[in-house]
2 protein chains.
Amino acid sequence: MAKHVYAFGGGTAEGDRTMRDTLGGKGANLAEMSRAGVPVPPGFTITTGTCLLYLEHGKTPDEVDQEMLTHVAKVEELTGQKFGDVENPLLLSVRSGAKFSMPGMMDTVLNLGLNDATVEGLAKRSDNPRFAYDSYRRFIQMFGDVVLDVPKHDFEELLGEIKAHKGFELDTQMTADDWKDVIEAFKKLVMDRLGKSFPEEALQQLRMARDAVFRSWDNPRANVYRRMNDIPRDLGTAVNVQAMVFGNLGDTSGTGVGFTRNPATGENHFYGEYLLNAQGEDVVAGVRTPQPIDHLNEVLPEVYQELRDITDRLEKHYKDVQDFEFTIQDKKLYMLQTRSGKRTGPAAVRIAVDMCEEGLIDKKTAVMRVHPNQLDQLLHPILDPTSTGSLELLTKGLPASPGAAVGKIVFTADHAVEEKEKGEAVILVRGETTPDDIHGMEAAKGILTSRGGMTSHAAVVARGMGAPCVAGAGEVNVDYRAKKITVKGKVLNEGEWISIDGSTGEVFAGEANTIDPDVESGHLAKFMVWVDEFRKIGVRANAETPRDAAQARKFGAEGIGLARTEHMFFEGDRIQHVQDMILSTEPAARQAALDKLLPEQRNDFYEVFKVMDGFPVIVRTLDPPLHEFLPKREELMVEVAEMKAKGEDVTEKQKLLDRVNELHEFNPMLGHRGCRLGITFPEITKMQAQAIFEAAVQCAKDGIKVIPEVMIPLVGNVKELADQKKIVVATAKEVFEKAGQEVHYMVGTMIEVPRGALTADEVAKEAEFFSFGTNDLTQTTFGFSRDDSGPFIKDYLAKGILEEDPFQVLDQAGVGQLVKMAVEKGRKTNPKLEVGICGEHGGEPKSVKFCANSGLNYVSCSPFRVPIARLAAAQAAIEAEG
Amino acid sequence: MAKHVYAFGGGTAEGDRTMRDTLGGKGANLAEMSRAGVPVPPGFTITTGTCLLYLEHGKTPDEVDQEMLTHVAKVEELTGQKFGDVENPLLLSVRSGAKFSMPGMMDTVLNLGLNDATVEGLAKRSDNPRFAYDSYRRFIQMFGDVVLDVPKHDFEELLGEIKAHKGFELDTQMTADDWKDVIEAFKKLVMDRLGKSFPEEALQQLRMARDAVFRSWDNPRANVYRRMNDIPRDLGTAVNVQAMVFGNLGDTSGTGVGFTRNPATGENHFYGEYLLNAQGEDVVAGVRTPQPIDHLNEVLPEVYQELRDITDRLEKHYKDVQDFEFTIQDKKLYMLQTRSGKRTGPAAVRIAVDMCEEGLIDKKTAVMRVHPNQLDQLLHPILDPTSTGSLELLTKGLPASPGAAVGKIVFTADHAVEEKEKGEAVILVRGETTPDDIHGMEAAKGILTSRGGMTSHAAVVARGMGAPCVAGAGEVNVDYRAKKITVKGKVLNEGEWISIDGSTGEVFAGEANTIDPDVESGHLAKFMVWVDEFRKIGVRANAETPRDAAQARKFGAEGIGLARTEHMFFEGDRIQHVQDMILSTEPAARQAALDKLLPEQRNDFYEVFKVMDGFPVIVRTLDPPLHEFLPKREELMVEVAEMKAKGEDVTEKQKLLDRVNELHEFNPMLGHRGCRLGITFPEITKMQAQAIFEAAVQCAKDGIKVIPEVMIPLVGNVKELADQKKIVVATAKEVFEKAGQEVHYMVGTMIEVPRGALTADEVAKEAEFFSFGTNDLTQTTFGFSRDDSGPFIKDYLAKGILEEDPFQVLDQAGVGQLVKMAVEKGRKTNPKLEVGICGEHGGEPKSVKFCANSGLNYVSCSPFRVPIARLAAAQAAIEAEG
């Protein structure tokens, strides 16, 4: 028969720290501490497996009750008290404790064992009847709420009424007899609500509390927390039952919490706070202000010293920062809990580096200690919390691109540029952004949109440029005509200040201060060197401007995995040439427009190649549908209608509208774009190839080591690639012959529609490299438009149909299956195939690990995610070693 | 060393009919005829493999020339003539002959071997100098065009000038000397163009002509023809070199063509025509009117009898209708060619049935003799060709839905309905159609659109209803405001007559007559019974109206594979309730609208179940995005703008526009549709399930055998299906309990996004059946929007990047790979899984065969394609037997 209950206390334990799966984190720690001679109140842990049995069958097996009885007896023995005894009653705490900490998500019951009889014993033994009756009424309230489902609020309301009736304002005015009245009223409330009296029998209380804690594993907020923190549901929670100790038995008692190092900065400095004559909940409730922990040294120096000794030992024992709770009962110190301390990103890095240098952990452990996403906090400016306190928090949108930005509201891209030229800081506020807003997004300090998800245009582009962005802030109502936004009734006009935090999604009215990150910090720099010692796959960046490329290099990118040439089409006057090209129906006119674009593109490439001296640069040929470069169809239609209504001449506008109508597509994502453009208009591919190779040749002549890789997008069929490759190769030959200079280059393809992956063996016959465009591959594999799926993905997450947004975390079962298939098939026909990823997943830690494990050569992501990808890749390599 | 040349003639041959791969169809037939003692002019065949060598290396291997020489000598021996001889010259014909007949696509050279010397021999031997010089000039012209690339037109122009100069109008006025002048002029033309003189040497002529025929395999029209007829390019063509015989040596000579049975009707009646004193090209050119072949019996009875004997023997020998050519040279009959005769659909069916009943072929062969697509001609009305002769052919669009229709032009669906109610026949003419045009499409005799491909909304819906449709007629300019169309300058107004042929894509101005098909014809009915004896998989229809369901039953459908409930939403006043449902933001209001739809849907289902008594009916829950049911966004925007410009009150319109904007999607195909709707609005699924089961229960009570299968669309994740299934199962239980009546039903899913196929093992745990929605699966696998891909798919086909439009013929390499994967994975976890297809490929013969070979249980297609699918399935079964 399985063992369901494990004892601890008295310098020994049945479990130990390795048993987190069975005993939960807290239970394993209590056992471990007890074994290590740390004074913990004795008790026992009921296993996580028992929780799963309870959840499956709706009841706890009877044999568990039996086992529990035996363990209660052991606790009675160690404490010299008796559970349910009138003279010297043993009181118990009943707490949840899962494998991974879920602070505050599940339920707790304290002072269990009190009833009308035992409360008398407690009153006598503590010589403090007021304390005893107060404890009893707290117990009824907590048990009623947690176990009996009588809302806490109802108890509080009732207490309020009684106090009012007695003419009291504060709890401290209440005497023991007053509390007795409250106890009677509370018990009556339970009776009224349940039709049953409050359970008096101690063992029954224990059984009921245990089952309630099991149930709380499945409550909605626990489910949400697990989803946010990637904790599987099938772990279950353990229940820890422990003898109560009291910090509120006078001025030689107390309670406190602390960390062995500063969890905000990582400084190696004992950190915490405590209250004398108080219980744990008093510290949390904030009714009294706790003292800094150093102060304890002055009041109870022996206890302080013992605490320091114990926590030092615990940190060395666990080789990590400890987050601990303690209670002092009559000068006797009890450790209630110890666990790895949660910490900020900067603290995580500093602690890992310090502990490694102190010899406490090795480099490998140090690298594993920082979650890749924590680095994000070290790479962006943040809002100064001392300055936001006085500002109004308007709303919260999606944290679409990290970092803080402060500026005046503008509504159009052009206006953003104008204001920037005047030296103003601006925030571009839009319903959504489109490619022709890019110059405005570059000019703005940050971007705020009311529509669109984490992978909307605004979000993707902002992350690419490292600009802070809050997207999909649905409560922000943008009125372009009136030049104002309305948020829950509050109106802000153009030119007014707002402050946004792209890491949290917060939007404040007014002007906050920002704090710049110290990216060159000694700790981070040192840490990243260690990271790269373990990393096995490459990390490149998605970038197309020299500025972004330089940023990427600074963050350690080893090349460019995706340079989107179309972003270059929006700069300066070029958009006019692009429109001329599109609107011309004659090949000659189209060529003339392309001839104007050629020198511009050549120069773009030259600049990027120069920054990336010595590293490969993958340039993707034109990808988006042509109508993205033209005015919006609906807007034109409205304009023409308005002009007509006013009797104006619409001939020219109508001509433009006709062409826009011709190019209009119902589903542009699946339309005439990617290599399909280059196949219909080979002259575009030729122009781009010519610009790439002419720039490369010039670099070579100027002593810059250039490694161009030409990438053909949206290939689903080897013949598409062959068609475009032929143009690229012929153009390279022409350019090299003319220049008398050769440059080594590669031609490859993006794999971003399922058919490309399914026929990868064929595609690889023509491709020298594959790069997975997992944004589009996710769209087509799921049939989800990333611009439109926000609303239902929200429903899917809420209903548990999806565990994660597949546009954020690579879907391994579906999209990942295609990735693996393509790698395998591709390498079968072309063993030298270079394989990478350039979708946004290339900067998401779980996805990076998947890529590393699937045999990819590199990942590529936006510059600001390069350090994150480097760390994730290093961790994947360490995990793979086992 | 490989043999490149095969002799035939003189009652023997080196090849035989089994060698079509090597000798081509014509070569194999000539060999076979020669072996069978049929008099053919002697000659030899150069193999298809030689052609491939030529195409690969750009020249014919030298050893072929050697082999050819030997064979020329054999022909000289059999004819007693000598190649290049001045006295009695052997003249040769050089003709292409591929494995599959490609009439007129490749090149031919006749009278080869003539030059300034041999022409004298021919003149003497024929005693007809005019004939000899005319033959010589024809040879120069033909050789010049085919071999030397001097355009035919240039020769003709030159001939015209000479005739004009001589004051002649007709060739018959030319004497031998006149032709000599032409010959000189032609040779000069060649010299001027090529800088080389016309090749006089007979053997050189032969080598050059042979290579030119090889080259003609690769000419553009041959490539187009092959693509249209599914002939692979890597077959190559053989070249047949044969002694010339002359039908123009006087009134006991002649030439003709014929069929052993009537190729238009299939009647068993000797059929053909001939001309005395003529060469083959005279028959084709139509300068003289040929005589019916029966007439030959009067002029040359022995020859006629010999021809009847030989062709009878040939039909029995080949067991198929023969299409033959013959020449009579001085009362001696030569068979120049025999091959299987091309025939119309009706003829194919009749000939197959007749031959089987005559004992010539067995049933299996009869079934294989009809191409499934040929049945289409038997199922739809056609335009009476005698009435279209006098009408103007306006343009040709895509043959989107077969059948002919004649009616007056209307531009809106409402107008179509109005006119129909007045008893008018109308053709609905639109730029494109949308779901809210359906009532108009139903009211119209036919549909004509200027945009959209074979799988545009208009095409798909029209095929579904069996309504003729010409789609994507780009030259038709529709002006809704002026109520007119303009086609290449010609204007037709609303109310004018047009006639369209959905089988050819032709659009005529004016009113043609139509001929109704005889679908109950004895031959077809008999044939379909045989078909079903071999067929192994089921055939169902996609239908949702009782009318379509009845049509489907008539065509032999064994159930409904897809009933699209949303089509029912557009009927009558329902669209108002649907809009109310969508526009309501409160659940209660939404429920009220659904309550109004419930009885309507219940009645729909009842009627369909009744027609399908005893057969399964798969009902798909709501699939399209909600905005399809609302007014068009752009139109509303324009309307609001216009109203504002006029100073009108826009409050109400603006409210509607706001909601439409809210629902607007960038890529609706990948948006909030399919099961995603049912997950967000479970009440819709519940209403539909309730309607299905209430109708089913009523059917059961009324003695109708009902087999409902509820299909959840667009599932990519088993949890989506589980969510919706739960609603369906709970609703069924409720309805059954209330009615006291149970009905057996199934719940399954469409597999139409790649992720559904990739995770089919999981999905099959919840699904009782899969139905492949290959329209959407093709869209997502390729990343091609079927509404937008028309233009570039055209380019892809032209460039050979795609062999076929994947929306018409299932892409086996990509989409088919997913289909096979899903069947395999699905059956692994659920061996009883029922698998079918309901995409349009379910009615396309090649795709049906693929489905049969991939283990599907049935295919489902539009009613009018059911017989085609039945035949394709039968052929697949026969082919699989081997």
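Above this text sits the structure in question.
Residues numbered from 1 in each chain as written. Chains lettered and ligands numbered in written order. Predicted model: local features only at pLDDT ≥ 70, side-chain atom pairs only at ≥ 80, totals over all residues. Heavy atoms only, no water.

Quick one: what's the story with the overall build of chain A, residue by residue and with numbers?
From N to C terminus, chain A includes 35 helices and 34 strands. Taking the principal axes of the C-alpha coordinates as reference, chain A spans close to 105 × 65 × 55 Å. Residues classed as buried in chain A amount to 60% of the 882 residues present. Across chain A, every contact between residues at least 6 apart in sequence was considered, and the portion connecting residues at least 24 apart equals 68%. As presented, chain A carries roughly 34700 Å² of accessible surface, and 50% of it is formed by carbon and sulfur atoms. In chain A, which carries 103 positive and 134 negative side-chain charges, the distance between the mean positions of the two groups comes to 3 Å. (Helix = DSSP H or I, 4+ residues; strand = E, 2+ residues; numbered from the N terminus. Buried < 20%, exposed > 50% of the residue type's maximum accessible area, 1.4 Å probe, protein only. Contact = heavy atoms within 4.5 Å. Areas by Shrake-Rupley, 256 points an atom, 1.4 Å probe, with all protein chains shown as cover. Lys, Arg positive; Asp, Glu negative; His and termini not counted. Charge placed at Lys NZ, Arg CZ, Asp CG, Glu CD.)

Can you explain unusual backbone geometry? Please cite residues and give values.
Residue and element names in this part refer to chain A. Even without being glycine, D127 reaches a positive phi, approximately 55 degrees. Mapping D127 onto the fold places it in the loop between α4 (118-126) and α5 (129-146). A relative accessible area of 69% places D127 in the exposed class. The phi torsion at D149 lies on the positive side, around 65 degrees, for a residue other than glycine. When you line up the elements, D149 lands in the loop between α5 and α6 (152-166). Given the relative accessible area of 66%, D149 is considered exposed.

Talk me through the sheet that holds strand β9 (residues 254-259) of chain B; I want residue IDs and the actual numbers.
Residue and element names in this part refer to chain B. Read from one edge of the open sheet, 5 strands run β11-β10-β9-β12-β13, paired in antiparallel fashion. Each end of this open sheet is capped by a strand with a single partner; those strands are β11 (291-292) and β13 (332-340). Docked against the sheet, helix α12 (residues 301-318) engages β12 (322-329) and β13, running at close to 25 degrees with respect to β13. (Pairing = 2+ DSSP bridges. Axes fitted to C-alpha atoms, helices over the stretch in contact; angles between N-to-C directions.)

Got a sec to walk through the environment of A:Q654? Specific residues and values, please.
Residue and element names in this part refer to chain A. Residue placement: Q654 occurs in helix α25 (residues 651-663). The exposure class of Q654 is partly exposed, given its relative accessible area of 23%. Q654 sits 278 residues away from D376 along the chain, and the two C-alpha atoms are 49 Å apart. Setting aside anything within four residues of it in sequence, one finds Q654 in contact with V640 and K644.

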